[in-house]
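What follows is each chain in one-letter form.
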Amino acid sequence: MATDIIVPPLSQTMDSVVLVEWLKAEGDKVAKGEPLFVIETDKANLDIEAPAGGVLRQVWAQPGEAIAVRATIGLIADVGGELPEFERPSARSAAASVAEAAVAALHPLAAATGPMGQPLPPERQARIFASPRARRLAEAEGVPLAELTASGPEGMIVERDVIAYIASKPAPMAITPVARRLAQAAGLEPAALQPARPGARITRADVDVVLARREEVSADGVQWVEVAPIRRTIARRMVASQQAAAEVTLTRDVDATELVELRGQILEELSDGDPRPTYTDILVSIVARQLARHPRANATWDGERIGLYADINVAVAVDTERGLVTPVVRNADTKGLLALTAERAALVRQALDGTIGLDDLTGGTFTITNLGPIGIDAFTPIINPPQTAILGVGRIRPAAAVHNGELCIRQRMFLSLTFDHRIIDGAPAARFLMDIVRLIEKPHLVWL
Amino acid sequence: MAEMSIAEALRQAIREEMARDDRVFCIGEDIGIPGGFGGAFTVTLGLSDEFGRDRVLDTPISEIAIAGVAIGAAIAGMRPIADVQYGDFLFCMMDQIANQAAKMRYMSGGQVSVPMVMRAPVGQTRRGAQHAQSLEAFFTHIPGLKVVAPSTAYDAKGLLKSAVRDENPVLVFEHKLLYGSKGPRSERGALSPVGEVPDEEYLVPIGEGVIRREGKDVTIVGKLLTMYRALQAAEILAEEGIEAEVIDPRTLVPLDKELILASVRKTGRLVIAEEDNLTGGWAAEIAAIVADEGFVWLDAPIKRVSAPDVPAPFSPALDDAYMPNEHKIVAAVKSLL
């Protein structure tokens, strides 16, 4: 019995993913639930678990390939079970079929005969047959097997074919298969790539470096930069937000002196090893509590109706090397400040190192974005669809202010609330913002 | 340094060991009778004159008696060298070898050992299916036995002397077409290689193979007679520019598998030639080891050149069809290129 390895549908908006790597090789034993391969989505890199236990019998997708969601990319067979019939052409992506056709065209020998001169069954014609020794050398030298001409017994690619291929290349480049595909996809000339260390193989990271700094200035004087899937997602979502929603931004200058003092007192009381709340953590906690009292700010719109979210899940915008991501603190209104702090810190850490899971990036009902640390006072944040509102937080800075009738220096900050006027009107949105302002200026009221 | 046949080298080994150690004695059928041949293949010729018939014991035609006396004497502290007239007769002794000699040291926790040597001629010589088998694989399969298979005079002497001094039961398989037996005991079609054997004392350690010919294109593993067939095949292949490496394991248990793996790492191709029947043979074990531990170095399937799964023929007309020879090895190598 065999089990198909299917690329799981991860969200309704995702059509394809990039296969980053297989965590098992063909022939390896796998346990059900064990991480089997890694995909890159427009949100994060994800480990996908084996759908069944057995032996990884065959894989059809290679690292670096874009693969369609729900495509079958391999087979897991029972240990010691009979070899399964490999008849999966229809389930496979069109790209894979094209690749196979190309392989078949390149390997008339392989396609022609098998052992004893028998015609190979169709599913075997699609595979590249190469000796273990040839595979080993090809992998080490970054030679794609599909480009080789087979000269070995029974139409098999053998070591000399790999050697001949390498010899035929004017400047053989040591490059990993993934890096090679990325470079080809981006139209990079091999000469443009440099290994990290002299003599080392060129890796994906080396290609990324070149892509990042590539200055391809076209005739119109524009520099075109290749982007990762996440950039396109951000672009799509931002435009969708602007086009679909009726966005209005309210701004309020807030006295944050009490907030600053409160945080100082909290930090004084902490023990070693306790999570240290940031202003963002305190704001998430305050906003979450006010969302409970303003359900329309914690809502969505399906074109006909308003959907009020049962949970209050606050997404926090995080600037990563890959781009903007918004990990979600679930049920933020029910969590104590330290628990919330610990959770948000862990999510941010995972977002920064790219290990965050899709579950932690979806399901937000409201978003907070804090540009204060970068030095921004006020801005017009864009709603993170399908949510209703987003709170932009400005920097806390000392400023001249009138306080209790006297001119003095106070800690001040701007809050910028963008909301979707389809769902909530200006006055209730303003009241929501003012409730937040009140808790910042008088934090003790949080118990009311 | 003297030029010797394998039979002469074996005889010299026995002579030296008997002179060195009073506990060493020979036992077998027709090995010491005055005016006899010195066993079926002349190995013990003259030894009863030198050491007396108390140390070169002739037995009735009873393999069970030979095995029983040899194993019992070894347990009691002697160093018997048992002569099995034809290896095929080892089957008569099977319980005593497999169940007793091989397991005694293990089952007694090392309190009892069986330092016995059993010399057994193997190989097809057109004397019929019960006098022609290559039995090595049966005994490599039994834990507790050491198995050696010398193919040169130098190795025959050095390995036999090591076997006599070993604390474990050692089976020494000798090929009938390699002895170089003279006179009425000579064999038709024998290869009878002669080699230089040092006059001074030396041992060949059990467990070390040798490369008989170096090459880079294919590894051919052969033992006993097929080692020579492999060398002949290598000569033919060399004329076509194919450089074969020929490995003689010399010892089958314990096997010098690193030597074979290192060679396959170099050549990427492996042919194993042996005279035993194909199925479940020793060649299958070598193929399995390399498939298991040297897979990534293989550039082609592993090929075995063995006898087919039929009894050895008496008819000379069938000999070519039965015997693994240099031409079959050449064909196997070419199928991998």
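Residues numbered from 1 in each chain as written. Chains lettered and ligands numbered in written order. Predicted model: local features only at pLDDT ≥ 70, side-chain atom pairs only at ≥ 80, totals over all residues.

### Some thoughts on the interface of chain B and chain A
Link 1 in the chain: The interface is formed by nine residues belonging to chain B together with nine residues belonging to chain A.
Link 2 in the chain: Of the residues that constitute the side of chain B that touches chain A, the class distribution is six nonpolar, two polar and one charged. (Contact = placed C-beta atoms within 7 Å. Nonpolar A, V, L, I, M, F, W, Y, C, P; charged D, E, K, R; others polar.)

### Some words on the pairing of strand β7 (residues 170-175) of chain B
All names here are of chain B.
Link 1 in the chain: Along β7, six of the six residues are buried, which leaves the element largely enclosed by surrounding structure.
Link 2 in the chain: Neither face of β7 is open: one carries V170, V172 and E174, the other L171, F173 and H175, and all of them are buried.
Link 3 in the chain: Across six bridges, strand β5 (residues 117-122) lies against β7 in parallel orientation. In the strand pairing of β7, R119 is matched with V172.
Link 4 in the chain: Examined bridge by bridge, strand β6 (residues 146-148) and β7 share three bridges and lie parallel to one another. Bridge pairing in β7 places V147 opposite L171.
Link 5 in the chain: A crossover connection joins β6 to the parallel β7 through helix α6 (residues 153-165); in handedness this β-α-β unit is right-handed. (Buried ≥ 20, exposed ≤ 12 C-beta atoms within 10 Å, placed from the backbone. Helix = DSSP H or I, 4+ residues; strand = E, 2+ residues; numbered from the N terminus. Pairing = 2+ DSSP bridges. Right-handed = clockwise from strand over helix to strand, strands pointing away.)

### Brief notes about the confidence of the model for chain A
Link 1 in the chain: The predicted model of chain A has a mean per-residue pLDDT of 82, with 85% of residues at 70 or higher.
Link 2 in the chain: With pLDDT under 50 throughout, residues 84-117 of chain A is counted as low confidence; its partners more than four residues away or in other chains account for 50 contacts. (pLDDT = per-residue confidence, 0-100.)

### A short note on the packing of helix α8 (residues 257-267) of chain B against helix α9 (residues 282-293) of chain B
Each packed pair of helices is defined by two parameters, the angle between the axes and the distance between the axes.
Residue and element names in this part refer to chain B.
Link 1 in the chain: At a minimum axis distance of 11 Å, the contact between α8 and α9 shows a crossing angle of 60°. Here α8 is positioned oblique relative to α9, judged by the angle of their axes. Of the two possible hands of crossing, α8 and α9 adopt the one that is right-handed. Residues K257, I260, L261 and V264 of α8 form the contact with α9, whose own contacting residues are I286, I289, V290 and E293.
Link 2 in the chain: Residues belonging to the contact of α8 with α9 are distributed by class as follows: six nonpolar, no polar and two charged. (Axes fitted to C-alpha atoms, helices over the stretch in contact; angles between N-to-C directions. Parallel < 35°, antiparallel > 145°, perpendicular 65-115°, else oblique. Left-handed = near helix turned anticlockwise from the far one by under 90°.)

### Remarks on α6 of chain B
Residues and elements named next belong to chain B.
Link 1 in the chain: The end-to-end C-alpha distance of α6, which contains 13 residues, comes to 19 Å, matching closely the 18 Å that a straight helix rising 1.5 Å per residue would cover.
Link 2 in the chain: Summarising burial for α6: eleven of the 13 residues are buried, a large majority.
Link 3 in the chain: The complete set of buried residues in α6 reads A153, D155, A156, K157, G158, L159, L160, K161, S162, A163 and V164. (Expected span 1.5 Å × (residues − 1).)

### A look at the sheet that holds strand β3 (residues 29-30) of chain A
All names here are of chain A.
Link 1 in the chain: Taken in spatial order, the four strands line up as β1-β8-β6-β3 in an open sheet, and their pairing is antiparallel. Each edge of the sheet is formed by a strand with only one pairing partner; in this case those strands are β1 (2-6) and β3.
Link 2 in the chain: The pairing of strand β6 (residues 54-59) with strand β8 (residues 72-77) spans four bridges and is antiparallel. Its bridge partner being in β8, V59 is matched across the sheet by G74.

### Details of the sheet that holds strand β4 (residues 35-40) of chain A
All names here are of chain A.
Link 1 in the chain: A sheet is described by the order of its strands in space; here four strands give the open sequence β5-β4-β2-β7, paired in antiparallel fashion. The open sheet is flanked by β5 (45-49) and β7 (66-68), the only strands paired with a single partner. Ignoring strand direction, the axes of neighbouring strands in this sheet form an average angle of 45°.
Link 2 in the chain: Pairing geometry for β4 and β5, over five bridges, is antiparallel. The residue of β5 that forms the bridge with P35 is E49.

### Section: the packing of helix α3 (residues 63-75) of chain B against helix α4 (residues 94-107) of chain B
Residues and elements named next belong to chain B.
Link 1 in the chain: Where α3 meets α4, the closest approach of the two axes is 11 Å, and the angle between their N-to-C directions is 5°. What the angle tells us is that α3 and α4 run roughly parallel. Mapping the contact onto sequence places A67, G68, I71 and I75 in α3 and Q96, I97, Q100, A101 and M104 in α4.

### A short note on unusual backbone geometry
Link 1 in the chain: For the bond running from P385 of chain A to P386 of chain A, omega is 10°, close enough to zero to count as cis.
Link 2 in the chain: In this structure, P386 of chain A sits in the loop between β16 (366-370) and β17 (389-393).
Link 3 in the chain: Put simply, V253 of chain B and P254 of chain B share a cis peptide bond, and its omega is -5°.
Link 4 in the chain: Within the element layout of this structure, P254 of chain B appears in the loop between β12 (251-253) and α8.
Link 5 in the chain: In this structure, S192 of chain B takes a positive phi of about 45° despite not being glycine.
Link 6 in the chain: Mapped onto the elements of the fold, S192 of chain B is located in the loop between β7 and β8 (194-197).
Link 7 in the chain: Residue class for S192 of chain B comes out partly exposed when judged on the 16 C-beta atoms lying within 10 Å of it.

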